[in-house]
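Examining the three-dimensional arrangement
Each chain, written out:
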Amino acid sequence: MDQWFAVRHIVRNGRMFEERITLWRASDFQAAIAAARQEAESYCGLDQSWELLDLFQAYALDGESPDSGSEVFSLIRESDLDADTYVERFFATSAELQRDI
């Protein structure tokens, strides 16, 4: 029986890295990653300056299908860093291209 998976992967264009999370209905982790890899290759093929990196991580969603508030990806990392340093090191490095809200 198929279930929903979120697959995280990264593409690169020069010094820019894009982290993407896509949703897939698949029979298992391998099938979800294979589908995500195929889509990512197509995504990168639209603009030859993008390179697909060899990192794919999958997360199986609980329940029948995603809904508002559904957790679509989770990655747990062990660290001895304090909270502010952890966020600065992995998520808010000041190199992100994002809009102020």
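The coordinates are above.
Residues numbered from 1 in each chain as written. Predicted model: local features only at pLDDT ≥ 70, side-chain atom pairs only at ≥ 80, totals over all residues. Heavy atoms only, no water.

**Brief notes about the packing of aromatic side chains**
Evaluated as defined, the whole model comprises four aromatic pairs. Ring centres of Phe5 and Phe29 lie 5.0 Å apart, and the angle between their planes is 65 degrees; this geometry places the pair in the edge-to-face category. Separated by 24 residues along the polypeptide, Phe5 in strand S1 (residues 3-13) and Phe29 in helix H1 (residues 29-45) bring together distant segments of the chain. A ring pair is formed by Tyr86 and Phe90, whose centres lie 4.9 Å apart and whose planes are at 50 degrees; its orientation type is tilted. In this pair, Tyr86 and Phe90 are both assigned in helix H2 (residues 83-90), four residues apart and thus about one turn of the helix distant. Here the aromatic residues Tyr86, Phe90 and Phe91 are joined through ring pairs into a cluster of three or more. In this structure, Arg20 packs its charged tip against the face of Tyr43, placed 3.7 Å from the ring centre. (Phe/Tyr/Trp six-rings, centres within 6.5 Å; stacked < 30°, edge-to-face > 60°. Helix = DSSP H or I, 4+ residues; strand = E, 2+ residues; numbered from the N terminus. Lys NZ or Arg CZ within 6 Å of the ring centre and 35° of its normal.)

**Re the layout of surface pockets**
Unoccupied space between atoms shows up once a probe the size of one water molecule is rolled over them. The space that makes up the largest pocket amounts to roughly 660 Å³. For the largest pocket, the lining is made up of 17 residues, of which Phe17, Glu18, Glu19, Ala95 and Glu96 are closest to its centre. The biggest single contributor to the lining of the largest pocket is strand S2 (residues 16-26), with four residues. When its residues are assigned to classes, the lining of the largest pocket shows nine nonpolar, two polar and six charged. (1 Å grid on protein atoms, 1.4 Å probe; cavity = no way out; pocket = protein on both sides within 12 Å on 5 of 7 lines; lining within 4 Å. Points joined across faces, edges and corners; volume = space filled by probe spheres on them. Nonpolar A, V, L, I, M, F, W, Y, C, P; charged D, E, K, R; others polar.)

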